[in-house]
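# Fold and geometry: a report
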Amino acid sequence: MGLSKKTFLYSMLLAGVMVILITGYFIFMLPSLYVDYVMDSNLDSVVQVQRGYMEQRSYQELTVKNPSAVFSLEIPKEGCEMYAAGKFFRLTVTVREKELQELLDELRNCLGLQKGERQELLAALKDKGTWEKLKEIWEKIGSHFTGRDLFSQEYPLEFEREEKEQKGLYREEYGRLHKEPDGIFVYETGVSDGDYQYSMYFAAGQTEDALILTIFPAMMPQMDEILPVVTDSMPMIIAVVFLFVLAASRLFAARIVHPVIRLARHAESARLSGKFEADSFVLDSRDEIGLLGQSLKELYDRLQENYEELEQKNHALAEENERKEVFLRASSHQLKTPVTAALLLVDGMIGEVGKYSNVKEYLPEVRKQLLSMRRIVEDILFLNYQAEHMHKEKTDLRELAEEAVNGYKVQAEAGSLQFELSGEGSAVTDREMMRKILDNLFSNAVQYTPAGHKICVDISSGSLKVVNYGTTIDDCLLPHVFDPFVSSVENRRGKGLGLYVASYYSRALGCRLTLYNQRDSVCAELSFGEMEGGKEKC
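This one's a predicted model, so the numbers in the text were calculated from it and none came from an experiment. (Residues numbered from 1 in each chain as written. Predicted model: local features only at pLDDT ≥ 70, side-chain atom pairs only at ≥ 80, totals over all residues. Heavy atoms only, no water.)

## Describing the overall build of the chain
Inclusion rule: Each helix is a run of H or I in the DSSP string that is no shorter than four residues. Each strand is a run of E no shorter than two, and both are numbered from the N terminus. Remark: exposure states derive from per-residue accessible area (1.4 Å probe, protein chains only) relative to the maximum for the residue type, with buried under 20%, exposed over 50%, and partly exposed in between. Only heavy atoms matter for contacts: two residues are in contact if any of them lie within 4.5 Å across the pair. Throughout, the Shrake-Rupley method with a 1.4 Å probe supplies accessible areas, and for residues the shown protein chains are the sole cover considered.
Scanning the chain from terminus to terminus reveals 11 helices and 15 strands. Classification of the 538 residues of the chain by burial places 32% in the buried group. Sequence-distant contacts in the chain: of pairs separated by 6 or more residues, those separated by 24 or more amount to 57%. Of the roughly 34,700 Å² of accessible surface on the chain, a fraction of 56% belongs to carbon and sulfur atoms.

Rendered as structure tokens:
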């Protein structure tokens with residue numbers, strides 16, 4: 001999924017959950033909170049009206065919800081009169097019958113009103129027996145009114161009504177007419193007392209034999225009633241919304257922002273490493289950030305490979321330059337010896353100085369020095385040419401070793417030396433460079449092997465060993481045997497290029513040439529890969 005679609009989905013999901021939370025709050029929580037608030041408000045209003053009437057014995061200064069329906073009944077602790085008072089009236093009720101008066105006194109006594117102690121009233125209201133007694137008294141009182149005419153002179157109660165004028169208490173707010181499809185007309189009017197609003201509905205409908213009128217009063221809900229509920233709920237709503245948005249943002253950041261941060265840190269670490277070496281970076285997302293991370297990883301891997309390849313090439317070039325510099329310096333120094341000797345001989349022969357006047361005797365010496373110089377020059381030229389024109393092929397090592405040994409048979413016989421070849425093997429290598437390596441190893445072995453000893457050649461697919469017995473190399477000289485113009489025997493010092501050339505060609509072919517002492521012998525081991533067998537005897 002693309003990053004834009006993912007962001008849009010997260011936004012839609014967040015909006016949807018917010019709508020569900022708010023809708024759930026208004027459907028399931030707000031009504032119950034509103035009902036609880038209205039009930040508490042009604043209880044508070046009743047207490048306020050009760051307290052105000054107990055103090056003032058009048059509704060004149062009281063604020064009352066629905067004043068046309070609210071009134072208080074006052075029962076004095078003594079006497080035969082009771083009072084009913086509201087916003088618009090005050091009614092005095094006098095008990096005429098003696099028996100009904102006695103029931104009223106019994107009711108006062110049951111409620112503990114005559115003692116005038118609140119604790120007595122509270123205890124009476126908690127007592128179950130009191131309620132049974134009150135029920136019995138009420139039934140007796142009700143029996144006195146059964147079948148009586150309210151307007152007769154013999155009615156047990158006498159009523160005296162006092163009207164209370166409340167001018168300007170109500171003012172009309174609106175009026176509108178509604179017509180229903182079945183022919184019912186409803187006139188709706190609304191009034192207000194300044195604190196509360198009231199609606200009155202007058203419905204009228206006609207049947208075949210009558211006109212039906214209905215009056216329906218209702219109290220309008222006020223914004224002041226719902227506003228405290230919402231206000232009291234705001235801390236909870238804010239906390240829930242804040243926590244949800246925080247959790248959603250954390251999830252959004254974990255899925256989108258954090259990968260970007262990881263990408264930035266990964267790029268920074270790669271930059272600081274200087275060699276494009278950085279920790280492994282993998283993103284499992286399939287959006288644009290995941291594709292960017294994958295592309296960066298591939299780019300860094302490719303740059304790392306190129307960098308390592310360049311490092312290897314630079315190292316090889318540096319090594320080659322150093323080798324050429326050392327080799328040219330050493331070869332130029334080494335050439336001075338035969339050149340100087342040849343010049344001395346030629347000058348002596350030209351001037352016929354002393355013994356050098358015998359040209360036939362010393363002219364071969366001049367030729368020997370010139371051949372030595374030519375050999376050095378040929379080694380230098382061949383060394384550079386063969387390294388640049390390498391051609392690898394599968395080569396029979398036994399066959400190549402036998403050809404190289406045949407070139408030293410005369411020298412071996414002259415020095416009473418014996419070559420012994422064992423084993424078979426082949427390797428993918430440059431034949432001419434391998435021939436040069438073996439030639440230099442055999443030449444070195446023939447040159448430094450004492451008379452009467454043997455030279456052992458052991459061949460396998462993994463290595464080729466040349467061991468010459470009867471001699472060893474000084475430990476101090478052993479680390480430098482592959483340096484140019486280094487010889488292990490002072491009285492047989494040559495030009496010292498054999499082991500250097502063999503070592504150079506071995507590295508060029510990807511082989512490893514090592515030289516080490518064994519018991520009364522020296523072993524030159526050429527490994528074609530990982531070393532096998534260690535440093536055992538051939």
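From this point, things continue past the structure.
## Points about the packing of aromatic side chains
Note the threshold: Here a Phe, Tyr or Trp ring, Trp counted by its six-membered ring, pairs with any other such ring whose centre lies within 6.5 Å, and the pair is stacked when the planes are under 30 degrees apart, edge-to-face when over 60, and tilted otherwise.
Under the defined criterion, the tally for this structure stands at five aromatic pairs. When the ring of Tyr-201 is compared with that of Phe-216, the centres are 6.2 Å apart and the planes differ by 55°; the resulting orientation is tilted. Linking Tyr-201 in strand β7 (residues 197-206) with Phe-216 in strand β8 (residues 211-219), this pair joins segments that are 15 residues apart in sequence. The class for Tyr-201 is partly exposed, based on a relative accessible area of 24%. Ring centres of Tyr-504 and Tyr-505 lie 5.9 Å apart, and the angle between their planes is 50°; on these two criteria the pair is classed as tilted.

## Some thoughts on the nonpolar core
Rules: We call a set of buried Ala, Val, Leu, Ile, Met, Phe, Trp, Tyr and Cys residues a nonpolar core when their side-chain atoms join them within 4.5 Å.
Judged by nonpolar contacts, the single largest core of 40 residues is most densely connected at Phe-419, Met-434 and Phe-442. Every element with two or more residues in this core is listed here: α8 (397-406), α10 (431-448), β12 (454-459), β13 (463-469), α11 (498-509), β14 (512-518) and β15 (521-527). The element contributing the most residues to this core is α10, with eight residues. Residues in contact with Phe-419, not counting those within four places in the same chain, are Val-405, Tyr-408, Ala-412, Phe-442, Val-446, Ile-455 and Val-457. Membership of the second largest hydrophobic core comes to 16 residues, among which are Val-93, Val-95, Leu-100 and Cys-110.

## So, α10
Note the following rule: Under the convention used throughout, the expected extent of a helix is 1.5 Å for every residue step, that is, one less than its residue count. Here a polar contact is recorded for every N or O atom pair within 3.5 Å, except that within protein the pair must consist of a potential hydrogen donor and a potential acceptor, and residues adjacent in sequence are included only if both atoms are side-chain atoms.
Between its terminal C-alpha atoms α10 stretches 26 Å, which fits the 26 Å expected from 18 residues at 1.5 Å a residue. Inspection of α10 places Arg-431, Met-433, Met-434, Lys-436, Ile-437, Leu-438, Asn-440, Leu-441, Phe-442, Ala-445, Val-446 and Tyr-448 among the buried residues, and these make up the whole buried set. In this structure Asp-430 caps α10, since a side-chain oxygen of it lies 3.2 Å from the backbone nitrogen of Glu-432.

## Remarks on the sheet that holds strand β3 (residues 89-95)
Cut-off, in case you're wondering: Strand pairing is assigned whenever DSSP identifies at least 2 bridges connecting the two strands. Axis definition: a line fitted to C-alpha atoms, over the contacting stretch in the case of helices. Angles run 0 to 180 degrees between N-to-C directions.
With respect to topology, four strands assemble into an open sheet ordered β1-β2-β3-β4, the strand pairing being antiparallel. In the strand order of this sheet, the two ends are held by β1 (71-74) and β4 (157-163), each with one partner. Averaged over all neighbouring strand pairs, the angle between strand axes comes to 15°, with direction disregarded. Inspection of the sheet shows β3 paired to β4 by seven bridges, in the antiparallel sense. Each bridged residue has a counterpart across the sheet, and for Val-93 the counterpart in β4 is Phe-159. Packed onto the sheet, helix α2 (residues 98-110) meets β2 (81-86), β3 and β4 and runs at close to 110° relative to β3.

## As for the pattern of salt bridges
Applied cut-off: Any carboxyl oxygen of Asp or Glu that lies within 4 Å of a side-chain nitrogen of Lys or Arg is treated as forming a salt bridge with it.
One pass over the full model with this rule turns up 13 salt bridges. We note a salt bridge from Arg-96 to Glu-158, for which the minimum N-O separation is 3.9 Å. Taken together, the residues span a long stretch of sequence, with Arg-96 in the loop between β3 and α2 and Glu-158 in strand β4 at a distance of 62 residues. Arg-96 gets classed as partly exposed once you look at its relative accessible area, which sits at 38%. Overall, the relative accessible area of 40% leaves Glu-158 in the partly exposed class. Note that Glu-136 is salt-bridged to Lys-140, the shortest N-O span being 3.6 Å. Of this pair, Glu-136 and Lys-140 both sit in helix α4 (residues 128-143), four residues apart, which is roughly one turn of that helix.

## Regarding α11
An α-helix turns once every 3.6 residues. As a result, residues three or four positions apart point the same way. Over its 12 residues, α11 runs 17 Å from end to end, which matches the ideal 16 Å to within 8%, given 1.5 Å per residue. Burial of α11 is extensive: 10 of the 12 residues sit out of reach of the surface. Phi for Gly-510, located one or two positions after α11, is positive at around 80°.

## Regarding the sheet that holds β14
With mixed pairing, five strands are arranged side by side in an open sheet as β10-β12-β13-β15-β14. The open sheet terminates on both sides in strands that have one partner only, identified here as β10 (418-422) and β14. Going from strand to strand, the sheet's axes swing by 15° on average, the running direction of each strand aside. By the bridge criterion, five bridges tie β12 to β13 in an arrangement that is antiparallel. What sits directly across from Asp-458, in β13, is Lys-465. Packed on one face of the sheet, α10 meets β10, β12, β13, β14 and β15 and runs near 15° to β13.

## A few points about the confidence of the model for the chain
Low pLDDT marks stretches whose predicted atomic positions should not be read closely. Put simply, the rule is: Across the chain, each position has a pLDDT score giving the predictor's confidence in that residue, from 0 to 100.
Here the chain averages 77 in pLDDT, and 79% of its residues register 70 or above. Within the model, the stretch residues 490-494 combines pLDDT values under 50 with seven contacts to residues more than four positions away or in other chains. Here residues 530-538 is modelled with pLDDT under 50, and outside its nearest four sequence neighbours on either side it reaches 20 contacts, counting other chains as well.

## Re the environment of Cys-80
Inspection of the secondary structure puts Cys-80 in the loop between β1 and β2. Separated by 22 residues in the primary sequence, Cys-80 and Glu-102 place their C-alpha atoms 9.5 Å from one another.

## So, the environment of Leu-296
By the secondary structure assignment, Leu-296 is in helix α6 (residues 288-351). Residues Leu-296 and His-266, 30 residues apart in the sequence, show an inter-C-alpha distance of 9.3 Å.

## A word on the packing of α8 against α10
Between two packed helices, what matters for the description is the angle formed by their axes and the separation of those axes. How we decide: Orientation is classified from the angle alone, with under 35 degrees giving roughly parallel, over 145 giving roughly antiparallel, 65 to 115 giving roughly perpendicular, and any other angle giving oblique. Crossings are sorted by hand: turned counterclockwise from the far helix by less than a right angle, the near helix makes the crossing left-handed, and turned clockwise it makes it right-handed. Gly is placed with the polar residues, together with every amino acid not listed as nonpolar (Ala, Val, Leu, Ile, Met, Phe, Trp, Tyr, Cys and Pro) or charged (Asp, Glu, Lys and Arg).
Contact geometry for α8 and α10: axes closest at 9 Å, N-to-C directions at 50°. Taken together, the axis directions place α8 and α10 in an arrangement best described as oblique. Considering the relative orientation of α8 and α10, their crossing is right-handed. Residues Leu-397, Glu-399, Leu-400, Ala-401, Glu-403, Ala-404 and Val-405 of α8 touch α10, and the partners they reach there are Arg-431, Met-434, Arg-435, Leu-438 and Phe-442. Residues belonging to the contact of α8 with α10 are distributed by class as follows: eight nonpolar, no polar and four charged.

## Structural notes on the pairing of β12
Relative to β12, β10 runs parallel, the two sharing five bridges. By the bridge assignment for β12, Ser-422 is matched with Asp-458. In sequence, β12 turns back onto β13 through a hairpin of three residues.

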